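# Coordinate inspection notes
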Amino acid sequence: MRILRTIAEVRAAVGDARAEGRTVGLVPTMGAFHEGHLSLMREARMHHGLVVVSLFVNPTQFGPNEDLSTYPRDETRDAALAESVGVDILFAPDPSEIYPDGFATTIHVAGITEVLDGASRGAHHFDGVATVVTKLFGIVRPDCAYFGQKDAQQVLVVRRVVRDLDLGVRIVACPIVREPDGLAMSSRNVYLDAEARAQATALSRALDAAEIAHAAGDSILPAALAVLAEAGIDPEYLELRDAETLAPVERVDHDALLLVAARVGAARLIDNHLLRRSPA
Ligand code: AMP
C-alpha cells in the first residue's frame with residue numbers, strides 16, 4: 001500500500017491503474033478506522049482493481065463548537081488496518097492540499113440538508129461534506145464510491161450531488177456495522193466513558209423496539225422514545241422520514257428511515273434503521 005499526500009501523486013497512480021484496465025473504487029473517510037470503515041474497504045476490494053481510501057479530517061464539515069481539534073487521529077494505526085484489508089492507496093493530504101489559499105467554492109444541496117443533522121449541526125455540515133466529496137471525486141475519478149448507511153442522510157446528499165452534477169460515480173451504501181451489543185460503530189465512540197458506553201446501547205435498542213412496534217402495527221415513535229427515556233436520553237431528534245426524500249412521514253406506506261441523534265456523555269451519536277413498507 002502507498003501513502004500519498006498530493007493530488008498529483010494520486011492522479012498519476014490512478015492514471016497508471018486505468019491504463020492497465022483496472023476499475024477504481026474510492027472510500028472517503030476521516031480515519032480512526034473501525035470495522036465499519038474496513039467493511040467499506042473490503043467491499044471496494046471485491047469489485048475494483050484499484051482501491052483508494054482517503055483519510056482526511058475535513059475541517060469545513062465541523063462547526064465552531066464541534067470536535068475538529070479533538071477528533072481521534074492515528075495515521076500509523078489506520079495505515080496498518082487499511083493495508084491489512086488490501087487497500088492500494090491511502091490518500092492522506094494536508095488541509096492545504098485540499099483547501100489551498102483562494103479556495104472559494106462550496107457545493108450546497110438544498111432541501112434534504114435542511115433537516116435532521118443539517119438542522120442540528122447547521123448548514124455548514126453538509127456543505128462541507130458535499131464540497132469535499134465532490135473534490136475527492138474530481139481527484140480520484142472513481143467508478144464507484146463506498147459510504148456507510150450509518151450516515152444515511154450523508155448518502156442521500158452525496159447521491160443528490162452525483163445526480164445533479166452528473167458526476168458519473170456509482171454510490172454504494174453499505175450496511176451499518178455494530179458492536180456485539182448493538183451500538184453502531186463510530187470513531188466518536190472513544191469519547192464514551194464506561195457509564196455513557198452502557199447508556200449508548202439505548203439508541204440501537206430504541207430502533208429495535210421501533211421495528212417490533214412496526215411489525216406489530218403499533219405506533220413506532222412512542223416505542224422508541226420509551227427506550228431512550230428509560231435510559232435517560234433526551235434525543236436531539238428522533239424522526240420517521242421517507243427513505244428517499246427525507247420528507248416527514250406518519251405511517252410507513254413507503255420505506256422509511258427512523259433516525260436518531262443524541263448526546264450521550266461526551267459524544268454526539270447518530271443511528272438509524274430502515275423500516276420496510278408495511279404489507280397492505
Ligand atoms: P467517517 O470516517 O466517520 O467519516 O466515516 C467514513 C465512512 O465510513 C462513511 O461513509 C461512514 O458512513 C462509514 N461508516 C462509519 N461508521 C460506520 C458503521 N458503523 N458501519 C458502516 N459504515 C460506517
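Heads up: the structure comes first, above all this text.
Residues numbered from 1 in each chain as written. Predicted model: local features only at pLDDT ≥ 70, side-chain atom pairs only at ≥ 80, totals over all residues. Heavy atoms only, no water.

### Re the sheet that holds strand 6 (residues 170-174)
Spatially, 1-4-3-2-5-6 is the arrangement adopted by the six strands of the open sheet, whose pairing is parallel. Every other strand in the sheet has two partners, leaving strand 1 (2-4) and strand 6 as the edge strands with one partner each. Each adjacent strand pair in this sheet contributes to an overall mean axis angle of 25°, direction not counted. As judged from the five bridges shared by strand 5 (residues 144-148) and strand 6, these two strands associate in the parallel manner. Among the inter-strand pairings, Gly148 is bridged to a residue of strand 6, identified as Cys174. On top of the sheet, helix 2 (residues 35-47) reaches strand 2 (24-29), strand 3 (50-55), strand 5 and strand 6; it is set at about 155° to strand 5, its chief contact. (Pairing = 2+ DSSP bridges. Helix = DSSP H or I, 4+ residues; strand = E, 2+ residues; numbered from the N terminus. Axes fitted to C-alpha atoms, helices over the stretch in contact; angles between N-to-C directions. Contact = heavy atoms within 4.5 Å.)

### Quick word on the nonpolar core
With 47 residues, the main nonpolar core has Val52, Phe91, Phe137, Val140, Phe147 and Ile171 as its most contacted residues. Elements supplying a minimum of two residues to this core: helix 1 (7-19), strand 2, strand 3, strand 4 (89-91), helix 6 (123-140), strand 5, helix 7 (152-165) and strand 8 (256-264). The leading source of residues in this core is helix 6, at nine residues. Domain assignment of the residues forming this core places at least three in each of domain 1 (2-174) and domain 2 (187-275). (Core = buried A, V, L, I, M, F, W, Y, C linked by side-chain atoms within 4.5 Å. Buried < 20%, exposed > 50% of the residue type's maximum accessible area, 1.4 Å probe, protein only. Domains from an automatic or database assignment.)

### Structural notes on helix 6
Taking 1.5 Å per residue, 18 residues should reach 26 Å; helix 6 reaches 26 Å between its end C-alpha atoms and fits that length. One or two residues past the end of helix 6 sits Arg141, with phi positive at roughly 50°. (Expected span 1.5 Å × (residues − 1).)

### Quick look at the site of the ligand
If you check the shell around the ligand, you find 18 residues, and the closest are Met30, His37, Asp151, Val177 and Met185. Between Met30 and the ligand, the recorded distance is 2.9 Å, taken from a backbone N or O atom to an oxygen atom. Protein chains bury 93% of the 480 Å² of accessible surface belonging to the ligand in isolation. Those elements that place two or more of their residues in the shell around the ligand are strand 2, helix 2 and strand 5. In terms of residues, the shell around the ligand owes the most to one element, helix 2, which gives three residues. (Near = heavy atom within 4 Å. Polar contact = N/O pair within 3.5 Å; in protein donor to acceptor, adjacent residues only side chain to side chain. Areas by Shrake-Rupley, 256 points an atom, 1.4 Å probe, with all protein chains shown as cover.)

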